[in-house]
Amino acid sequence: MTTTDKRIQLLVSELPEVYQAIYGHPECAQEASRNCFDRLKVIDGVYEHLSAKLGRPLRVLDLGCAQGFFCLSLAAKGASVKGIDFQQQNIDLCRALAAENPQLKVSFEVGRIEDVIDALSPGDYDLVTGLSVFHHIVHLHGVDKVKAWLKRLADCSEALILELALRDEPLYWGPSQPEDARELISDCAFYHQLTSFDTHLSSITRPLYVVSNKYIILDDIFALFTEWRDWPYKAAQGAHKGSRRYYFGHDFVCKVFNFDIKGSKLSAMESQRNRDEIASESAFLKQPPAGFPAPEFLGGGISEYDGWLMMERLSGELLLDLLSRRAPLNHETLLNSLLVQLTALEQAGLYHDDVRSWNILVNDNSEARLIDLGSVATEKTDCVWPHDPFLAFFILVNEIFNPPEIKINFSRPFALSPFNLPEPYDNWLYAVWQLPKAQWSFETMLALLQSRVSLPAPTTDNYGFNQWIAAVERGMQMYQIHLHDMELSLAERIDQQDVRVELLAQEMRKGIAECKTALDERIPFVDEILATLHSNGEMSEQKIFDLSQEYAYIQQKLAEKESLNAAQSGKASDSLRDLLTETQNINMRFAEMLTAAGERNDKLSDIIAGEEQQIKQLSAINQDLAHRLEAITQSNSWRFTFPYRYAGNQYHLLRQYGAKQRSKHAIRRILKAAFYRIQQRPVMKSRLRIMLNKIGAYNAALRLYRRIYPEAIEPVIVEQAINNEIVKTQLQSQLIDLKNVPRQVQIIFNKLKNDNKEG
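Residues numbered from 1 in each chain as written. Predicted model: local features only at pLDDT ≥ 70, side-chain atom pairs only at ≥ 80, totals over all residues. Heavy atoms only, no water.

### A closer look at the pairing of strand β2 (residues 80–85)
Sheet analysis places strand β1 (residues 59–63) next to β2, joined by five bridges and oriented parallel. Looking at β2, one finds that Asp62 is bridged to Gly83. Of the strand pairs in this sheet, β2 and strand β3 (residues 106–110) are connected by five bridges, and their pairing is parallel. Residue pairing across strands places Asp85 opposite Val110, the latter belonging to β3. With respect to chirality, the unit in which β2 leads through helix α4 (residues 88–100) into the neighbouring parallel β3 is right-handed. (Pairing = 2+ DSSP bridges. Helix = DSSP H or I, 4+ residues; strand = E, 2+ residues; numbered from the N terminus. Right-handed = clockwise from strand over helix to strand, strands pointing away.)

### So, a negative patch on the surface
Where like charges cluster on the molecular surface, the negative patch consists of Asp144, Glu179, Glu183 and Asp187. Along the chain, Glu179 falls in the loop between β5 (159–163) and β6 (190–197). (Patch = residues over 30% accessible without salt bridge, like charges linked within 9 Å, V, L, I, M, F, W, Y side chains within 5 Å. Areas by Shrake-Rupley, 256 points an atom, 1.4 Å probe, with all protein chains shown as cover. Salt bridge = Lys/Arg side-chain N within 4 Å of Asp/Glu carboxyl O. Lys, Arg positive; Asp, Glu negative; His and termini not counted. Charge placed at Lys NZ, Arg CZ, Asp CG, Glu CD.)

### Details of the environment of Ile204
Of note, Ile204 is situated in the loop between β6 and β7 (206–212). Residues Ile204 and Glu169, 35 residues apart in the sequence, show an inter-C-alpha distance of 6.5 Å. Setting aside its immediate chain neighbours within four residues, Ile204 contacts Leu166, Asp168, Glu169, Pro170 and Thr199. (Contact = heavy atoms within 4.5 Å.)

### With respect to the confidence of the model for the protein
For the protein, per-residue confidence averages 81 on the pLDDT scale, and residues scoring 70 or more make up 74% of the total. pLDDT under 50 marks residues 537–551. Its contacts with residues more than four places away, or in other chains, come to five contacts. Scored below 50 in pLDDT, residues 713–719 makes four contacts in the model with residues more than four places away or belonging to other chains. (pLDDT = per-residue confidence, 0-100.)

### Describing a positive patch on the surface
Residues Lys660, Lys664, Arg668 and Arg707 make up a contiguous surface patch of positive charge. Counting residues per element, the positive patch draws most heavily on helix α17 (residues 642–679), at three residues. Structurally, Lys664 can be placed in helix α17. Using a relative accessible area of 47% as the deciding quantity, one classes Lys664 as partly exposed. (Buried < 20%, exposed > 50% of the residue type's maximum accessible area, 1.4 Å probe, protein only.)

### Concerning the packing of aromatic side chains
Counted according to the given criterion, the structure contains 17 aromatic pairs. Aromatic pair Tyr233 and Trp358: ring centres 5.1 Å apart, planes at 20°, arrangement stacked. Residue Tyr233 is found in the loop between β10 (227–229) and β11 (244–248), and its partner Trp358 is found in the loop between β16 (351–352) and β17 (360–362); the two are separated by 125 residues along the sequence. Residue classification places Trp358 among the buried residues on the basis of a relative accessible area of 13%. In textbook terms, an aromatic cluster arises when at least three aromatic residues are bridged by ring pairs, as seen for Phe390, Phe393, Phe394, Trp433, Trp440 and Phe442. A cation over an aromatic ring shows up here: Arg244 above the ring of Phe257, its NZ or CZ 4.2 Å from the ring centre. (Phe/Tyr/Trp six-rings, centres within 6.5 Å; stacked < 30°, edge-to-face > 60°. Lys NZ or Arg CZ within 6 Å of the ring centre and 35° of its normal.)

### Considering the pattern of salt bridges
On inspection of all chains with the given rule, the structure shows 21 salt bridges. With a shortest N-O distance of 3.0 Å, Glu163 and Arg39 are connected by a salt bridge. With Glu163 in strand β5 and Arg39 in helix α2 (residues 37–54), the pair connects residues that are 124 residues apart, well separated along the chain. Arg39 carries the same exposure label as Glu163, and that label is buried. Measuring nitrogen to oxygen at the nearest pair gives 2.5 Å for the salt bridge that ties Glu317 to Arg325.

### Considering unusual backbone geometry
Of the consecutive residues Trp385 and Pro386, the connecting peptide bond is found in the cis state with omega at 10°. The residue Pro386 is located in the loop between β19 (376–377) and α11 (389–401) in this model. Pro424 follows Glu423 through a cis peptide bond whose omega is -5°. Its location among the elements puts Pro424 in the loop between α11 and α12 (425–434). Its identity as a non-glycine residue notwithstanding, Arg326 has a phi of 55°, on the positive side. Looking at the element boundaries, Arg326 is found in the loop between α9 (319–324) and α10 (331–347).

### Brief notes about helix α13 (residues 442–450)
The complete set of buried residues in α13 reads Phe442, Met445, Leu446, Leu448 and Leu449. One side of α13 holds all its buried residues, which, seen down the axis, span an arc of 165°. (Arc of directions from axis to C-beta.)

### Focus on α2
For α2, spanning 18 residues, the distance from its first C-alpha to its last is 25 Å, which sits close to the expected 26 Å at 1.5 Å a residue. Immediately downstream of α2, the backbone of Gly55 shows phi near 75°, a positive value. (Expected span 1.5 Å × (residues − 1).)

### With respect to the sheet that holds strand β15 (residues 317–318)
Pairing is antiparallel across the open sheet formed by three strands, whose spatial order is β15-β17-β18. Each of the sheet's edge strands pairs with one partner strand only, and the pair in question is β15 and β18 (368–370). Across the sheet, α10 lies against β17 and β18, angled at about 30° from β18, the strand it touches most. (Axes fitted to C-alpha atoms, helices over the stretch in contact; angles between N-to-C directions.)

### A closer look at the nonpolar core
Counting 58 residues, the largest nonpolar core has Val106, Phe108, Phe190 and Ile216 as the members making the most contacts within it. In this structure, Phe108 is in contact with Cys65, Gly68, Cys71, Leu72, Gly83, Ile91, Cys94, Arg95 and Ala98, ignoring residues within four places of it in sequence. (Core = buried A, V, L, I, M, F, W, Y, C linked by side-chain atoms within 4.5 Å.)

### Some remarks on the sheet that holds β1
Spatial strand order, β3-β2-β1-β4-β5-β7-β6: seven strands in an open sheet with mixed pairing. Two strands bound the open sheet, and with one partner strand each, they are β3 and β6. If you compare each strand with its neighbour and ignore which way they point, the axes differ by 15° on average. Where strand β4 (residues 127–131) meets β5, five bridges bridge the pair, whose relative direction is parallel. What sits directly across from Val128, in β5, is Leu160. Against the sheet, α2 engages β1, β4, β5, β6 and β7, with an angle of about 155° to β6.

Okay, here's the thing in structure tokens:
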């Protein structure tokens, strides 16, 4: 054994704990509390990625370096490393090990981690490691302080590697840790749990995180981002309880969804939705349906803790933002491009269950691109009311054309009908509404949109029922807007009250501080009095102990001392009485403040109760009006006056359209009724077709039918139906009169006929 080895062993023996393996001395391996090589393998992977990205060896800072194993191991890879530890014994050993390896660029210093972080400047180090050390700092300084220090570390470096202890570990510092260790790094832009490792202290494993304010570091993904946020769009802040983060580079978007956030109380359903959406979107982008312009898939993965997805960044701005500032849009291009994508999904048996203005990107040419493709699934549904993808699309169309009137927020507006759309888009949506529900499809909507100019306007068939729908829908929108405004007003009042309560709290805190200061000023005086009293008591006991020897002398001294005690006790009583009086005054003032705060809270409660009462009254009025309307429509007078109302309506329609147009309307209704009766009687329908074909009027009748029911039969189907009917009619006429068929056909027919008779 060399002198150096002996010195190393001596230094190891003087350590308070051999926490790490001793670099270059495998003979000491059995003394180490923890296995370091498993963590080193993971740390090496991050080091290699970052070194390759920067194109050079890294400058590394190891906080809480212990026996320097990780410092020396990274230095052996070419890094320039500095290790910090507050224990002199650890640093003495580290320096001895560095002296054994003079080729390594490594240095060690005694210091406190808090001071080192405060002294850092941006760019001092590329990589900072802190392995199982920050829980001690949390115990000393609290969570908020450590959060600020870790954010500063991330700001001053390229990346951090942190092993964090957990609150559940059964040690003295456990209760001081945050409920979720990720709270310590929540102010940093990016963090990802690489894995977790066993410790020698308990059966609970500790997570190892990589953290950065500049880079995304996910398996084989190592990319520089320019901006990030924890909400998909501004109005959705807090929508996912902080479980989702979005990162943007010049040419990519990266989503990272966490599956478990303890502090935010992420439910099992929300956690599963995060898993499903990230997996669904990855699968969709890897193999998008034909005709759908999906962004390029750049990478992704799912671990036990989170899932991530990187894709091509599309150009454009959210439709929500464009509508909010009423930016000019080409509605034809916007709707056409949107329906093309929805049709491509539909043809593949897929539907987007969240087609909203915040899930649509629009470029400078008003061309739309659907995003949030994790919401694409095989179910024909929508994620919220009205739970139908087509009805949800109708609402979106109304939002596009009427953003100022319809409050665009999480509560979807009651806007489904075509009556509030401008021409010719009202023709288009009205034509869709005229179709049976079973015939609705995005493909049909696209076809009708492209022919919207030639479609009839809603006013050409202006039934009272349509007007009733439009009026009710508008009334519901106004009621919804009123409720929205009431919510804003109530929220504003609550905010104002919160400010008042905070001012009151400040006054209370100031009064308590003044009280504490007054008490602090009197405590030394009280302590002095109590010490004097205690000293006097000891002296009295000593004199009593010597009473048998100097009884007379003690009697005299005891009398003097009792008088002195009485005087001092009187002073102490006066001081204590003054202190008690002042304390009572402070308590009274504090009670008055609490009473005032209670009164203000009562006023706030009254305001809230008043608003709730107003909402209830409006709901009751609305319900009462609905009951009155139902009573009117079911009353005898309403039924008896039907002829008068009908006659009056016909009179107004006659004045509006004229006799010629009303005659056309009447003929149209008669023909509709006739066609309906024919459709209900298949035998009559078949005979009528034969008769019309015989007299050559079938095509004219079919054209008339198509004019009355333009949505009933597609052109190709109509042509096929015409041909089938003609052939069928010809065959039937030939069978009735065999003179129209060839001689050979007559012989075969007669033979078959005779065979049937004999059978």
